[in-house]
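Chain and residue survey
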Amino acid sequence: MSRSEPIARTGPRPRGALPLAGMTSAWFDTVNGPDDVSARARLSDPRPDLCGLTLDRPRVMGILNVTPDSFSDGGDHAGLADAVARARVMADDADIIDIGGESTRPGAAEVALDEEIRRTAPVIAAIRDAGITTPISIDTRKARVAEAALDAGADMVNDVSAFVFDPELADLTAERDVPVCLMHAKGLPDTMQKNPTYDDVVGEVMDHLEARIAFAVERGVKRARIVTDPGIGFGKTLDHNLQLMRHLTLLHDLGLPVLLGASRKTFIGTIGGAKEAKDRVGGSLAVALHGAAQGMHVIRVHDTKETAQALKLHAALNGGD
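Residues numbered from 1 in each chain as written. Predicted model: local features only at pLDDT ≥ 70, side-chain atom pairs only at ≥ 80, totals over all residues. Heavy atoms only, no water.

As a further point, take the overall build of the chain. Within the chain one finds ten helices and 13 strands. The C-alpha radius of gyration of the chain comes to 18 Å, within 12% of the 20 Å expected for a compact globule of 321 residues. Principal-axis analysis of the C-alpha atoms places the extent of the chain at approximately 55 × 40 × 40 Å. Out of the 321 residues belonging to the chain, those deemed buried represent 57%. In the chain, once contacts between residues fewer than 6 apart in sequence are set aside, the share between residues at least 24 apart is 69%. With the model as given, the accessible surface of the chain reaches about 13,000 Å², and the carbon-plus-sulfur share is 50%. (Helix = DSSP H or I, 4+ residues; strand = E, 2+ residues; numbered from the N terminus. Rg over C-alpha atoms; globule rule 2.2 N^0.38 Å. Buried < 20%, exposed > 50% of the residue type's maximum accessible area, 1.4 Å probe, protein only. Contact = heavy atoms within 4.5 Å. Areas by Shrake-Rupley, 256 points an atom, 1.4 Å probe, with all protein chains shown as cover.)

What follows deals with unusual backbone geometry. The phi angle at Ala 162 is positive, at roughly 55 degrees, despite the residue not being glycine. With respect to the helices and strands, the residue Ala 162 is situated in the loop between β9 (156-159) and α5 (168-176). Overall, the relative accessible area of 0% leaves Ala 162 in the buried class. Although it is not a glycine, Phe 163 adopts a positive phi angle of roughly 70 degrees. Take Phe 163: it is sitting in the loop between β9 and α5.

Inspection of the secondary structure puts Asn 241 in helix α7 (residues 238-246). Each residue touching Asn 241, except ones within four places of it in the same chain, is listed here: Ile 232, Gly 233, Lys 236 and Phe 267.

What follows deals with the pairing of strand β6 (residues 59-65). Along any regular strand, the residues point their side chains to alternate faces of the sheet. Among the seven residues of β6, seven are classified as buried, and the element is accordingly described as predominantly covered. Direction of pairing for β6 relative to strand β13 (residues 298-301): parallel, over a ladder of four bridges. Bridged to Val 60 within β13 is Ile 299. In this structure, β6 lies alongside strand β7 (residues 96-100), joined through five bridges in parallel fashion. From the neighbouring strand, Met 61 faces β7, where its bridge partner is Ile 96. (Pairing = 2+ DSSP bridges.)

Summed over the entire model, instances satisfying the criterion amount to zero aromatic pairs. The ring of Tyr 198 carries Lys 186 above its face, with NZ or CZ at 4.1 Å from the centroid. A cation over a ring is seen here: Arg 212 above Phe 215, with NZ or CZ 4.5 Å from the ring centre. (Phe/Tyr/Trp six-rings, centres within 6.5 Å; stacked < 30°, edge-to-face > 60°. Lys NZ or Arg CZ within 6 Å of the ring centre and 35° of its normal.)

Right, let's talk about the environment of Gly 131 for a bit. Within the element layout of this structure, Gly 131 appears in the loop between α3 (113-129) and β8 (136-139). In this structure Gly 131 comes out as exposed when scored by relative accessible area, which is 52%. Sequence separation between Gly 131 and Leu 259 is 128 residues; the distance between their C-alpha atoms is 27 Å.

On to the packing of α3 against helix α4 (residues 143-152). Where α3 meets α4, the axes come as close as 8 Å, and the angle between the chain directions of the two elements is 15 degrees. With respect to each other, α3 and α4 are oriented roughly parallel. α4 is crossed by α3, and the crossing has right-handed handedness. The segment α3 lies against α4, with Leu 113, Asp 114, Glu 116, Ile 117, Thr 120, Ala 121, Ile 124, Ala 125 and Arg 128 engaging Arg 144, Val 145, Ala 148, Ala 149 and Ala 152. Of the residues in the contact of α3 with α4, the class split is nine nonpolar, one polar and four charged. (Axes fitted to C-alpha atoms, helices over the stretch in contact; angles between N-to-C directions. Parallel < 35°, antiparallel > 145°, perpendicular 65-115°, else oblique. Left-handed = near helix turned anticlockwise from the far one by under 90°. Nonpolar A, V, L, I, M, F, W, Y, C, P; charged D, E, K, R; others polar.)

Here the focus is helix α2 (residues 80-90). When α2 is considered as a whole, its buried residues turn out to be Ala 83, Val 84, Ala 87 and Met 90. For α2, the angular spread of buried residues about the axis comes to 125 degrees, placing them on one side. Of the surrounding secondary structure, the elements contacted by the buried residues of α2 are β6, β7, α3 and α10 (304-317). (Arc of directions from axis to C-beta.)

Another aspect to go through is the packing of helix α6 (residues 201-218) against α7. Across the interface, α6 lies against α7 with an axial gap of 9 Å and an inter-helix angle of 70 degrees. Judged by the angle between their axes, α6 and α7 are roughly perpendicular. Between α6 and α7, the residues in contact are Val 201, Val 202 and Val 205 and His 240, Gln 243 and Leu 244, respectively. Partitioning the contact of α6 with α7 into residue classes produces four nonpolar, two polar and no charged.

This next bit is on α10. Compared with an ideal rise of 1.5 Å per residue, which puts 14 residues at 20 Å, α10 spans 20 Å between its outermost C-alpha atoms and is within 8% of the ideal. Within the span of α10, buried status applies to Thr 304, Thr 307, Ala 308, Ala 310, Leu 311, His 314 and Ala 315. Relative to the axis of α10, the buried residues are bounded by an arc of 165 degrees and lie together on one face. Turned more than 90 degrees away from the buried face of α10, the exposed residues are Lys 305, Gln 309, Lys 312, Ala 316 and Leu 317. (Expected span 1.5 Å × (residues − 1).)

Nonpolar side chains in soluble globular proteins generally cluster together in the buried interior. Counting 69 residues, the largest nonpolar core has Ile 99, Ile 124, Ile 127, Phe 163, Leu 182, Ile 226 and Leu 260 as its most contacted members. In terms of residue count, the dominant contributor to this core is α6 (eight residues). Discounting chain neighbours no more than four positions away, the residues touching Leu 182 are Asp 159, Ala 162, Phe 163, Leu 209, Arg 212, Ile 213, Ala 216, Ile 226, Val 227, Thr 228 and Asp 229. (Core = buried A, V, L, I, M, F, W, Y, C linked by side-chain atoms within 4.5 Å.)

Okay, structure coming up:
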């Protein structure tokens, strides 16, 4: 299938150039692939607001794992008080807080439904009781977990399986009319990094996302409520990740907001020489700024303060507000 890939540029936008996916500091005037009125509209039109947030600049999604075993911060915020304290700090810089109760790191085992609910719903309720109004996303593959989280005060669903793991999550998302992020993943967390192979990783990721978007819409999810995610690190080698990172703008051909979640991941440590995940802040910032330059609408990160600061400088230097 032939797709349109805009060539992203930054800096003050010249006359005749178009904003990249509605962004103020990224634009394009050249397209690889079909370049017609329809394609240019898909690539340049503003994206729908997300949880009340405009998507004319990159939004920071802060990661709050209430798990004992996540790859970077497992156990740091597993207690209720610690999680609420972290949410309060993150609220100063993050536009959205993404709360997860099941690790999806390579090799992770599935968490029982009741345990995942026990980890997440009380934390969300406590954050709301503390007066923190920042939009909350529930990072889960399971309808029952998402239902409990939405009842507790969450605003959005983030499904790394794109409704493959639990199709009933699509029905819940449609019924509640909440935004959902659909991510590409190849295999389940416990096996996904065991020799993943592709003939064309970029094309196959695009095909998968198009199919999952179609499935979601068939189940009643409004297209305007969907966010896409290429799934960096989910069933992908270092080379696969780099190929996707070099072609992020192709995702704009879907005409939907794009989330980039690469914070502290293994490929950053491999390239940057940082064995420990918490030592990958610099590399994570480099990836976040690359994403911003490619028109990513949401940057999902552990280090919210540092990322927000970097994005402000990026915008100021490149003609954004």
